[in-house]
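Now for the letters of each chain:
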There are 2 protein chains.
Amino acid sequence: MKRTRAKETEREIPTERRAPRNQEPPQPTMGERRHRVAIEHVQPEIDGGRYPIKRVVGDTIVVEADLFADGHDVVRGILCYRHEQSEDWLETPLKLVTNDRWQGSFDVPQLGRYRYGVKGWIDHFATWQRDMRKRVEAQQDVTVDLRIGTGLIEEAARHAAGESGARLKNIRAALSSSAPPFKAQLDVLLGEDAAEAMADCVDRRLVTMYDRELIVVVDRPLARFGAWYEMFPRSAVNADHAHGTFKSCESRLSYIAEMGFDILYLPPIHPIGETHRKGRNNNPRGDSGSVGSPWAIGARDGGHTAIHPQLGTLNDFKDLMAAAKRKGIEIALDLAFQCSPDHPYVKEHPEWFTTRPDGTIQFAENPPKKYQDIFPLNFESEAYPELWKELRGVVQYWIDQGIRIFRVDNPHTKPFPFWKWLIADVKDRYPDSIFLSEAFTRPKVMYHLAKLGFTQSYTYFTWRNTKTELTDYFTELTKTEVREYFRPNLWTNTPDILTEHLQHGGRPVFMARLALAATLGASYGIYGPAFELYEDRPQKPGSEEYLDSEKYEIRHWDIARPDSLKEFIGVINRIRRDNPALQSDSSLQFHPVDNDHLLAYSKQSPDGTNVILVVVNLSPHHVHSGWLELDLPALEVQADRPFQVHDLLTHAYYLWQGPRNYVQLDPHSVPVQIFAVRRNLRREQDFDYFL
Amino acid sequence: MKRTRAKETEREIPTERRAPRNQEPPQPTMGERRHRVAIEHVQPEIDGGRYPIKRVVGDTIVVEADLFADGHDVVRGILCYRHEQSEDWLETPLKLVTNDRWQGSFDVPQLGRYRYGVKGWIDHFATWQRDMRKRVEAQQDVTVDLRIGTGLIEEAARHAAGESGARLKNIRAALSSSAPPFKAQLDVLLGEDAAEAMADCVDRRLVTMYDRELIVVVDRPLARFGAWYEMFPRSAVNADHAHGTFKSCESRLSYIAEMGFDILYLPPIHPIGETHRKGRNNNPRGDSGSVGSPWAIGARDGGHTAIHPQLGTLNDFKDLMAAAKRKGIEIALDLAFQCSPDHPYVKEHPEWFTTRPDGTIQFAENPPKKYQDIFPLNFESEAYPELWKELRGVVQYWIDQGIRIFRVDNPHTKPFPFWKWLIADVKDRYPDSIFLSEAFTRPKVMYHLAKLGFTQSYTYFTWRNTKTELTDYFTELTKTEVREYFRPNLWTNTPDILTEHLQHGGRPVFMARLALAATLGASYGIYGPAFELYEDRPQKPGSEEYLDSEKYEIRHWDIARPDSLKEFIGVINRIRRDNPALQSDSSLQFHPVDNDHLLAYSKQSPDGTNVILVVVNLSPHHVHSGWLELDLPALEVQADRPFQVHDLLTHAYYLWQGPRNYVQLDPHSVPVQIFAVRRNLRREQDFDYFL
């Protein structure tokens, strides 16, 4: 490989990170020189502590670390933590698990950010006690060793204040009254009371603190568990040829609530540009009747803080939010930071766009494709600080109206530092805010956006169909460190994505995909009514675009169709609400089945009491059966006792024993079984008289 | 778990690491806000960049990193590096491997420490070129886009100086002469010359630098590849009842050199304490004839910088070093930082020891066991700075005499920060110095000492005997990140350790263990002549102590015994020197054999030209045979062509083809086969006339 001497302009590392000129090897600071305990491999920790982990209110965070010291003295470990709004560190002991690995835990009852760290030190008094017990057992002369122990107490008593100081003074007094063979003195010195009092007296100078404070972002539970429903408000109307409004959306709320959705996500509700407005089926030249794409934001009526006049007024929108809230539904808005040519920013802040040499504003391109209805914002503009603040103002505006959930459109096309700044800034003031990253892009970019702060993320679930694909992907999401910062939100479809799989499977594939999304993912979403009415016509063969896509026209859906999946979705969402096992993803466990069309997996509630086992027939075409080989230890089921599985969809009950069990699923009735696993069947031994 | 509010004395995180009081969320600095490229997962990197990796002079270091940006612009990556004694960063490009993973490499021709880092940025001109090519191909009107490209050149030319400035001005001049249809202009703008000139013009403000500078410690090759021979100088004499001297050691040098050892390691050569001096077989009460343990350092004749008078003078020692050097052997000394009760430090610096309440100095203990001939230094003494400096002075003293290799006795019983400080300090001035950690302790402690700076480390090889044990352990050492910082030195035996395995296998087990140590480990060692004369009598059954251990008495060995392993060892060490494959460990690869008594593995030279395959019969009792299943792709051997294996011990040649080959080993002749694998056998196709 060619090696070039660094160029004049580039030779230097940017000043802020330059290595010190002083070539002395990095050395322990004077403080660190007396730290005998080493702390390593603290978990959870992302990229050496560079990024936070994520949890929700009420979680318990288990922290592990390697702690060890030179020699054979007794090591103490402490897990310390505090909410960032508190000055006080709280502490809880770490306990040795095995092989120098220690573990502790703390609860996060409050929204916001917590810091946590680990510290350790040598407990000289505990060391003395341990050694003394061995000496006494070996019947050695302990006269001098007793004086050493007494000396440790006296030294500590001289420095300790408060309660533990008083306690130590009592202990010291008890010691002075002893005489050979020192029985009473030994009892005091080897007692629990002395151990506890001395454990409180630590010379801070000798305490090792792990060199990074780690951070956990604590969200509300909806950040982890929620069913999303995406709907175009302009289509939410029953009358033909009418333009839906926030008012007509209100009448849809019952329908959505009956299906059990928690979040109603609306594509952009802002004024739609007219210049280069798209026609039906993405026709670059719309006609006068074209309603345009809601993502072409901005017109003479305003931009990102205005409302498209045909949808109603701000008050109508607030009414919709209130009505939704009464139904237990929260509204999510779309943050699509781009502009139509008619957006007010274009005139008011041309410096936020790229101006071409001919004086025109640069439209969006993916050469040779041109998207002349969209002007991207130029985040590399020298005026970026004002642009950033303006966009933060957009978020603030909708927060002021009561919105807390934002689905972010294409975040991977805006700079990473912008998102890091924006989300941290907003969540610092509104820790209940939720940002869903719609970044369908390369895996490392998706994960990086999650590390930077996005609360949830779209996933590749949409295209993962086979048993191997699903198993591999969800193992990566739930069994690697990805689980600490990337919260998957599984979408069956979106206005942009009608997968080929959905195009060719009919009703059975829609049922299976819904069940997979809703049980593999604590967070999932559908774009309806296209989904529940199994709309499956692509714009053209091989395309993932919908024919007559709602992105470019109003669609009137017959939501009362008797063959709608509405009931099925409602049942699934009720099962999700009733079963804590389905409300998080970290317990996901796959189980082998000897038929590649059958996928089986389980989830458990954190306390282990609720266990759900799901079996899905991935083929929409044929009945499939097979032998399921359950991982009984993972399910905490005993192999030598029968257990009950209760199909929550059909209400059938089965009695199983041992790992190997027969399953059969017909895609044309129900392609999925969702079993509640009940471990303890009552039997004769459970009666009192049997014991 | 009980949670307690932090105590008054302990509530605060030590000040130097306290979180900022300001509760603003951590935000990108103004500089970072314009950094569109993210850099993650740089490898090699130990614990998030907290510890250096290790290499030897002449190595090439391959660095990988994830680099990616928002959007679809062209990303550039650079690996930068410098020796710590140089101010100038050198640079070499990173190349995209796959999935946002980039790779580059640099050489380390110089002893000492190098720093390395990664940076990345958006290459706007390359992006423009890529897009322009697509536009041209689609036959679009590119008038305005041409002006954009020209503008990029002009902008760069305004700021660039020197060679690339001149180059850009030439390009700009070439552009102005163009006219529609811009053929010539396009040729210039899309040309390599423009690409290269523009690649040199980077706006430093927009360059992302990875947030840690990583460090590699570069040692001399002997730090990785060397055969060690440990010997008690006082036993190195042929006359009965005589005390060996440095002079008598000189006559042993030919013997050691003939066996092919690179390093002669001597247990402590300092005056031996008399108080509580141990007798034969560790008898706590020695008699007047007791020579004592060399590790009970210090007497009226001096301490760690003095020489035991019976061994000779400092000049004798220097003569020995010089004589050894002439034979290609380097002397290693023992650093055993502990004292006999007669050590001068005890009187001169009682503050460096622990004084008990009765005024006596604390001797070493592992309660209830007492080691009254040893006083440990008290590293927790308030006077520790003077103690540290004194011990550094000891190392400096022997460096001044010409010693560069130190085997460190029980480093795990002295504080970690001491070693970090000492080794960095010494190696900063003497980068050719080598510190071998004799820490037979828990794995995380051993690894931590290696991270802190020890050049090499003793390992558990000594007790790993079965196929599973050896495979698992050496996979951990060579296939995990441990390989980056922990250099194993494999010892067959030590004066403290005569393993049970060696006690019961006779000559075959000594041969097998020697071969395993010498081929599994680029660095290995034996304690002789006990080893080559297969001394196998324990002090008592179940003990690993030698009967009549040299630690407590002089042993006169019959090194001329005809059944000595001397010749065998000599052959093995010559094979090591002749075959670069055996001079490092990172290429180690195990190959399956269908007999658990047979272990097979290979190593390759970095350039792949030298391939060694080793098969060992682990059973000292029976002939074993089996089918070896070679990993041919790992060996870069084609399955469809025969290849030659040449047994370097017996000089037998075998012709093999395909992965499955038969092996049979008789422990009573030679329990090991060391094959040179030669991939390309000449055959008819190789003749000119065939082609």
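Residues numbered from 1 in each chain as written. Chains lettered and ligands numbered in written order. Predicted model: local features only at pLDDT ≥ 70, side-chain atom pairs only at ≥ 80, totals over all residues. Heavy atoms only, no water.

**Points about the overall build of chain A**
Then comes step 1: The helix and strand tally for chain A stands at 16 helices and 31 strands.
Then comes step 2: With respect to the three principal axes, the spread of C-alpha positions in chain A is 105 × 80 × 60 Å.
Then comes step 3: In chain A, buried positions account for 59% of the 691 residues.
Then comes step 4: Of all intrachain contacts in chain A linking residues separated by at least 6 positions in sequence, the fraction that spans at least 24 positions is 75%.
Then comes step 5: A total accessible area of about 27,800 Å² is found for chain A, and carbon and sulfur atoms account for 50% of it.
Then comes step 6: Looking at charge distribution, chain A has the averaged site of its 86 positive side-chain charges lying 3 Å from that of its 97 negative ones. (Helix = DSSP H or I, 4+ residues; strand = E, 2+ residues; numbered from the N terminus. Buried < 20%, exposed > 50% of the residue type's maximum accessible area, 1.4 Å probe, protein only. Contact = heavy atoms within 4.5 Å. Areas by Shrake-Rupley, 256 points an atom, 1.4 Å probe, with all protein chains shown as cover. Lys, Arg positive; Asp, Glu negative; His and termini not counted. Charge placed at Lys NZ, Arg CZ, Asp CG, Glu CD.)

**What to know about the environment of Gln604 of chain A**
All names here are of chain A.
Then comes step 1: For Gln604, the location among the structural elements is in strand β25 (residues 598-604).
Then comes step 2: Taking the C-alpha atoms as reference points, Gln604 and Phe337, 267 residues apart in sequence, are found 39 Å from one another.
Then comes step 3: Setting aside chain neighbours within four positions, we find Gln604 in contact with Ala581, Ser587, Asn610, Val611, Ala634, Leu635, Glu636 and Arg679.
Then comes step 4: A polar contact of 2.6 Å, which involves the side chain of Gln604, links it to the backbone oxygen of Ala634. (Polar contact = N/O pair within 3.5 Å; in protein donor to acceptor, adjacent residues only side chain to side chain.)

**Considering the sheet that holds strand β22 (residues 488-491) of chain B**
Residue and element names in this part refer to chain B.
Then comes step 1: Read around the closed barrel, the 8 strands follow the order β12-β13-β14-β19-β20-β21-β22-β23; overall the barrel is parallel. This sheet shows a mean twist of 25 degrees between the axes of neighbouring strands, independent of strand direction.
Then comes step 2: In terms of strand pairing, strand β21 (residues 456-458) meets β22 through 2 bridges, oriented parallel. Its bridge partner being in β22, Ser457 is matched across the sheet by Pro488. (Pairing = 2+ DSSP bridges. Axes fitted to C-alpha atoms, helices over the stretch in contact; angles between N-to-C directions.)

**Observations concerning unusual backbone geometry**
Then comes step 1: Of the consecutive residues Gly528 of chain A and Pro529 of chain A, the connecting peptide bond is found in the cis state with omega at -10 degrees.
Then comes step 2: Counting through the fold element by element, Pro529 of chain A comes out in the loop between β23 (523-527) and α15 (566-578).
Then comes step 3: Here Pro367 of chain B and Pro368 of chain B are connected by a cis peptide whose omega angle stands at 5 degrees.
Then comes step 4: Residue placement: Pro368 of chain B occurs in the loop between β16 (364-366) and β17 (369-371).
Then comes step 5: For Asn281 of chain A, which is not glycine, the phi dihedral falls at a positive 50 degrees.
Then comes step 6: Looking at where Asn281 of chain A falls in the secondary structure, it is placed in the loop between β13 (263-265) and α7 (314-326).
Then comes step 7: For His276 of chain B, which is not glycine, the phi torsion reads 55 degrees and is therefore positive.
Then comes step 8: As for its position among the elements, His276 of chain B is in the loop between β13 (263-265) and α7 (314-326).

**Re helix α9 (residues 384-400) of chain A**
All names here are of chain A.
Then comes step 1: With 17 residues, α9 extends 24 Å from end C-alpha to end C-alpha; this agrees with the ideal 24 Å at 1.5 Å per step.
Then comes step 2: Taken as a whole, α9 has its buried residues at Tyr384, Leu387, Trp388, Leu391, Val394, Val395, Gln396, Trp398 and Ile399.
Then comes step 3: Count one or two residues on from α9 and you reach Gly402, which has phi positive near 115 degrees. (Expected span 1.5 Å × (residues − 1).)

**Here's the deal with the packing of aromatic side chains**
Then comes step 1: In total, this model carries 84 aromatic pairs over all chains according to the counting rule given.
Then comes step 2: Ring geometry for Phe232 of chain A versus Tyr527 of chain A: centroids 5.9 Å apart, planes at 75 degrees, classification edge-to-face. Of this pair, Phe232 of chain A sits in the loop between β12 (226-230) and α6 (246-258) while Tyr527 of chain A sits in strand β23, and the two are 295 residues apart along the sequence.
Then comes step 3: Relative accessible area serves as the criterion here: at 2%, Phe232 of chain A is assigned to the buried category.
Then comes step 4: Centroid distance Trp656 of chain B to Phe675 of chain B: 5.5 Å. Interplanar angle 65 degrees. Geometry classified as edge-to-face. (Phe/Tyr/Trp six-rings, centres within 6.5 Å; stacked < 30°, edge-to-face > 60°.)

**With respect to the sheet that holds strand β2 (residues 37-43) of chain B**
Then comes step 1: Here 4 strands make up an open sheet; going across it, the order is β2-β4-β8-β7 (chain B) and the pairing antiparallel. A strand with exactly one partner marks an edge of an open sheet, and here the two such strands are β2 and β7 (95-98) of chain B. Across the sheet, the axes of successive neighbouring strands diverge by a mean angle of 40 degrees, strand direction being ignored.
Then comes step 2: Summarising the sheet, β2 of chain B and strand β4 (residues 59-69) of chain B pair through 5 bridges and their orientation is antiparallel. Paired with Gln43 of chain B across the strands is Glu64 of chain B, a residue of β4 of chain B.
Then comes step 3: The sheet strands contacting helix α11 (residues 443-452) of chain A are β2, β4 and β8 (101-108) of chain B, and the helix crosses β4 of chain B at an angle near 75 degrees.

**A few points about the packing of helix α1 (residues 124-137) of chain B against helix α2 (residues 143-159) of chain B**
Residues and elements named next belong to chain B.
Then comes step 1: Two elements in contact, α1 and α2, have axes whose closest approach is 11 Å; the angle formed by their N-to-C orientations is 160 degrees. The pairing of α1 with α2 is recorded here as roughly antiparallel in orientation. Crossing hand, α1 versus α2: left-handed. Of the residues in α2, those touching α1 at His124, Phe125, Trp128, Met132 and Arg135 are Asp145, Leu146, Ile148, Gly149, Leu152 and Ile153.
Then comes step 2: Here the contact of α1 with α2 is composed, by residue class, of 7 nonpolar, 2 polar and 2 charged. (Parallel < 35°, antiparallel > 145°, perpendicular 65-115°, else oblique. Left-handed = near helix turned anticlockwise from the far one by under 90°. Nonpolar A, V, L, I, M, F, W, Y, C, P; charged D, E, K, R; others polar.)

**Some points on the pairing of β8 of chain B**
Residues and elements named next belong to chain B.
Then comes step 1: Counting buried positions along β8 yields 6 of 8 residues, so the element is predominantly enclosed.
Then comes step 2: When β4 meets β8, the two strands line up antiparallel, connected through 8 bridges. Bridged to Thr60 within β8 is Asp107.
Then comes step 3: Taken together, the 3 bridges between β7 and β8 define a ladder with antiparallel strand orientation. Residue Thr98 lies in a different strand from β8, and its bridge partner there is Arg101.
Then comes step 4: If you look at the hairpin formed by β7 and β8, you'll find 2 residues sitting between the two strands, and Asn99 has a positive phi there, around 50 degrees.

By themselves, these figures tell us nothing about what the structure is for.
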